[in-house]
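# Architecture at a glance
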Amino acid sequence: MTRSAPLALTVVDALLLPGADAGPEWYFGWLQVGTDGRIIGLGPGDPPSATDGTPVLDAGGAIVAPGFVSAHSHLFTSGLRGISPDATLYPWVRSMMELFRHTDAEDMYWATLHGSLDFLANGVTSAYNFMQSGVTWLYDPRTARNVLGRVHPDDYTTRQMDGTVDAGLRAVHAIRLDDESGPEDEVLERFARKVTAARAPERKGRDQHLGVSVMGAVQWAATSRTAELEVHVMREHGITDQAHFVETAEGIAVQRAKFAWYDDAGALGPDLLLGHFVHPSDAMVDRVAAAGSPVVWQPTSNGRLGSGVADVVRYRSAGIPIGIGLDDQSCTDISDPWSNMRLGLYSQRALHHDAGVLSSGDALRMHTLGAAEVLGIADRVGSLEAGKYADFVLVDHRSPSTGPVWDVVATYVLACGLRNLRATYVGGQCVARDGRGTTPLAEQADAELAERIERAAHADGRRLAVTAEELVSARARSKRDPDLPR
């Protein structure tokens, strides 16, 4: 074992699920972390005798597995769980965007911070984060056109970046080009400023920065010029693009027709990720497979919004790489990666009438190493291997008990969940314990989010069922008038 940095933490007596393609699937063993937050070594049995007097985490036989990677997320929606609970995609999006017209940069900071802390508390250590656009758009599905809502200053976007950093979450920052909001030179200059901001030393110094990407917006665009400009900034800045595509059955002919815009622009390939991809044509599947574009799958949100079931088994058979994401807190509601895996796994088995089409190990890989691979960050996260960041979860399958263990991976994927999650570690540092972030900002984030979302709702003429004050004040709850319209 060669140390790249002084020893900072030794994990012992762990039921390790490394999540790597090479080596055993699981074993009882140890893991050591350096002061640089990277894994120095791991293996079965007892650790090397020299621990240099550094801290020891005794897992006591509990599972230690890679932190989950969400390959598709919108962290700023953390204050909108339960919004439009019976709506499909377009009216649900419209409801959110009407509210976000009334928010500012600090509102978006606290919303993103809260969403990031929520991910960490639920075992997600890295995320591809679609930031709320610097332009609030109101999409009209009848005309397939965006209506300009409000243009925000740059800090509306950059403060969202700060929210992930301050929470301790690793993130790929996805920025929308917003090319229909003004002259192209101004749009490209604004986008370049935000890319520079994402790469600034103050946001990279804590190793939270995993990259920059384009928030693909062709699904919402009026002309093919959007695809051309997205390809332009991909090449100019050396970044990827993830597009929401054929996500819902609504307006499917219009959505499918726009696929040619990306193809004609030369976008297809490993750097163009297709989010959702629920309703592609056969020709689209063949073209995506040939080009090597990955698909990012959101099983829970696709179900919540009634969008449909992506035939991931078919895509995998065609050779398309697949990663899993948790999507919005406002349409996944509980950021639970175990439930996300199970819903995806069960929906595929039901779709194909075959329980053998997708295994527990397949689902776990797609939410860890597979997600990291499609994002181009598997050299740093997604599995527990020497040289990668020490991002892991401590999960006790015995409390509450899941019973005898017939298959370690199946127990972890099928029988464990948030109730078993004891702690989340990023770079060997505990960032969440028993469902709560360890940063002092965690307590403040709850109150800030509630007050700021309530203020935006009031500005949009809406009322929350339970007020921000009633969330925390027994006196306020006791004074509620049951006949007051909400």
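Summary of the structure given here. Residue positions are given per chain, counted from 1 along the sequence in the order it is written. Confidence filtering applies because this is a predicted model: local features only for residues at pLDDT of at least 70, side-chain atom pairs given and counted only at 80 or more, and all residues used for totals across whole chains, interfaces and linings. To get the side-chain values, take all heavy atoms of the structure and skip hydrogens and water.

## Let's talk about the overall build of the chain
- Helix and strand counts for the chain come out as 19 helices and 20 strands.
- Its C-alpha atoms give the chain a radius of gyration of 22 Å, within 12% of the compact-globule value 23 Å for 486 residues.
- Seen along its three principal axes, the alpha-carbon backbone of the chain occupies a region of about 65 × 60 × 50 Å.
- Relative accessible area decides the class of each residue, using a 1.4 Å probe on protein chains only: under 20% of the type maximum gives buried, over 50% gives exposed, and in between gives partly exposed. Looking at the 486 residues of the chain, the share that counts as buried comes to 59%.
- Considering only intrachain contacts with a sequence separation of at least 6, the fraction spanning at least 24 residues in the chain is 74%.
- Note on areas: Shrake-Rupley with a 1.4 Å probe; residue coverage comes only from the protein chains shown. Per element, the accessible surface of the chain, about 18,500 Å² overall, is 52% carbon and sulfur.
- In the chain, which carries 45 positive and 62 negative side-chain charges, the distance between the mean positions of the two groups comes to 3 Å. Secondary structure elements follow DSSP: runs of H or I no shorter than four residues count as helices, runs of E no shorter than two count as strands, and numbering proceeds from the N terminus. It is over C-alpha atoms that the radius of gyration is taken, and the globule rule equals 2.2 Å times the number of residues to the power 0.38. When checking whether two residues touch, look at their non-hydrogen atoms; a contact exists if any pair is within 4.5 Å. For this count, His and the chain ends are skipped, Lys and Arg are scored as positive, and Asp and Glu as negative. For this purpose, a charge sits on NZ of Lys, CZ of Arg, CG of Asp or CD of Glu.

## Re the sheet that holds strand β10 (residues 170-176)
- When DSSP finds two or more bridges between a pair of strands, those strands are recorded as paired. In space, the nine strands of this open sheet follow the order β15-β14-β13-β12-β11-β10-β7-β6-β16, with parallel pairing throughout. Both outer strands of the open sheet, β15 (322-324) and β16 (327-328), are each paired with one neighbouring strand and no more.
- Sheet topology places strand β14 (residues 295-297) next to β15; three bridges connect them, and they run parallel. Each residue of the ladder has a partner; that of valine 296, found in β15, is glycine 323.

## Some remarks on the pairing of strand β12 (residues 240-245)
- Of all six residues that make up β12, six are buried, and the element is covered over most of its length.
- Of the two faces of β12, the one lined by Thr240, Gln242 and His244 and the one lined by Asp241, Ala243 and Phe245 are each fully buried.
- Two strands pair when backbone bridges link them, and strand β11 (residues 209-216) and β12 are joined in this way by four bridges, in the parallel orientation. Within β12, the position partnered with glycine 216 by the bridge is alanine 243.

## Quick notes on empty space enclosed by the protein
- Definitions used throughout: a 1 Å grid over protein atoms alone; a cavity as a set of points that fits a 1.4 Å probe which cannot get out; a pocket as an open set with protein on both sides within 12 Å along at least five of seven lines; a lining residue as one with an atom within 4 Å of a point. Grid points are joined across faces, edges and corners, and a volume is the space filled by probe spheres set on the points. For the coordinates displayed, the defined rule picks out six cavities of 30 Å³ or more.
- Reported here for the largest cavity is a volume of approximately 330 Å³.
- Together, 26 residues line the largest cavity, and His74, Val93, Met97, Met215 and Trp220 are the ones closest to its centre.
- Contributing elements (two or more residues each) for the lining of the largest cavity: β6 (68-74), α1 (89-100), β8 (135-140) and β16.
- With five residues, α1 is the largest single contributor of residues to the lining of the largest cavity.
- Each residue gets one label: Ala, Val, Leu, Ile, Met, Phe, Trp, Tyr, Cys and Pro are nonpolar, Asp, Glu, Lys and Arg are charged, and the others, such as Gly, are polar. Its residues placed into classes, the lining of the largest cavity shows 14 nonpolar, eight polar and four charged.
- Lining of the second largest cavity is provided by 10 residues; of these, Asn146, Arg176, Asp179, Glu180 and Ala217 occupy positions nearest its centre.

## Things to note about the pattern of salt bridges
- Within this document, salt bridges are pairs made up of a side-chain nitrogen of Lys or Arg and a carboxyl oxygen of Asp or Glu, the two lying within 4 Å of each other. Under the counting rule described, the total for this entry stands at 28 salt bridges.
- Its salt-bridge partner being aspartate 162, residue arginine 203 comes within 2.7 Å of it at the nearest N-O pair. Here the residue arginine 203 occupies a position in helix α5 (residues 201-204), and aspartate 162 occupies one in helix α3 (residues 155-167), the gap between them amounting to 41 residues.
- Glutamate 385 is paired through a salt bridge with lysine 388; the nearest N and O atoms lie 3.2 Å apart.
- A relative accessible area of 29% means that glutamate 385 is categorised as partly exposed.

## Some details on unusual backbone geometry
- Of the consecutive residues serine 399 and proline 400, the connecting peptide bond is found in the cis state with omega at -10 degrees.
- For proline 400, the position within the fold is in the loop between β17 (392-395) and α16 (408-415).
- Backbone geometry at serine 84 places phi at a positive 40 degrees, although glycine is not the residue there.
- Following the sequence through the fold, serine 84 ends up in the loop between β6 and α1.

## Describing the side chain of lysine 258
- The topology assignment puts lysine 258 in the loop between α7 (252-257) and α8 (259-265).
- As a buried residue without a salt bridge, lysine 258 has its nearest oppositely charged side chain in glutamate 180, at a separation of 7.4 Å.
- Polar side-chain contacts of lysine 258 include one of 3.0 Å to the backbone oxygen of glutamine 219. Here a polar contact is recorded for every N or O atom pair within 3.5 Å, except that within protein the pair must consist of a potential hydrogen donor and a potential acceptor, and residues adjacent in sequence are included only if both atoms are side-chain atoms.

## Some thoughts on the packing of α3 against helix α4 (residues 184-198)
- Working convention: axes come from line fits to C-alpha atoms, limited for helices to the stretch in contact. Angles between N-to-C directions cover 0 to 180 degrees. Between α3 and α4, the shortest axis-to-axis distance is 10 Å and the interhelical angle comes to 20 degrees. Taken together, the axis directions place α3 and α4 in an arrangement best described as roughly parallel. Regarding α3 and α4, the two cross each other, and that crossing is right-handed. On α4, the residues touching Thr157, Thr158 and Met161 of α3 are Lys194, Ala197 and Ala198. Each angle is binned into one of four classes, with values under 35 degrees roughly parallel, values over 145 roughly antiparallel, values of 65 to 115 roughly perpendicular, and all other values oblique. In this scheme the crossing of two helices becomes right-handed for a clockwise turn of the near helix relative to the far one and left-handed for an anticlockwise turn of less than a right angle.

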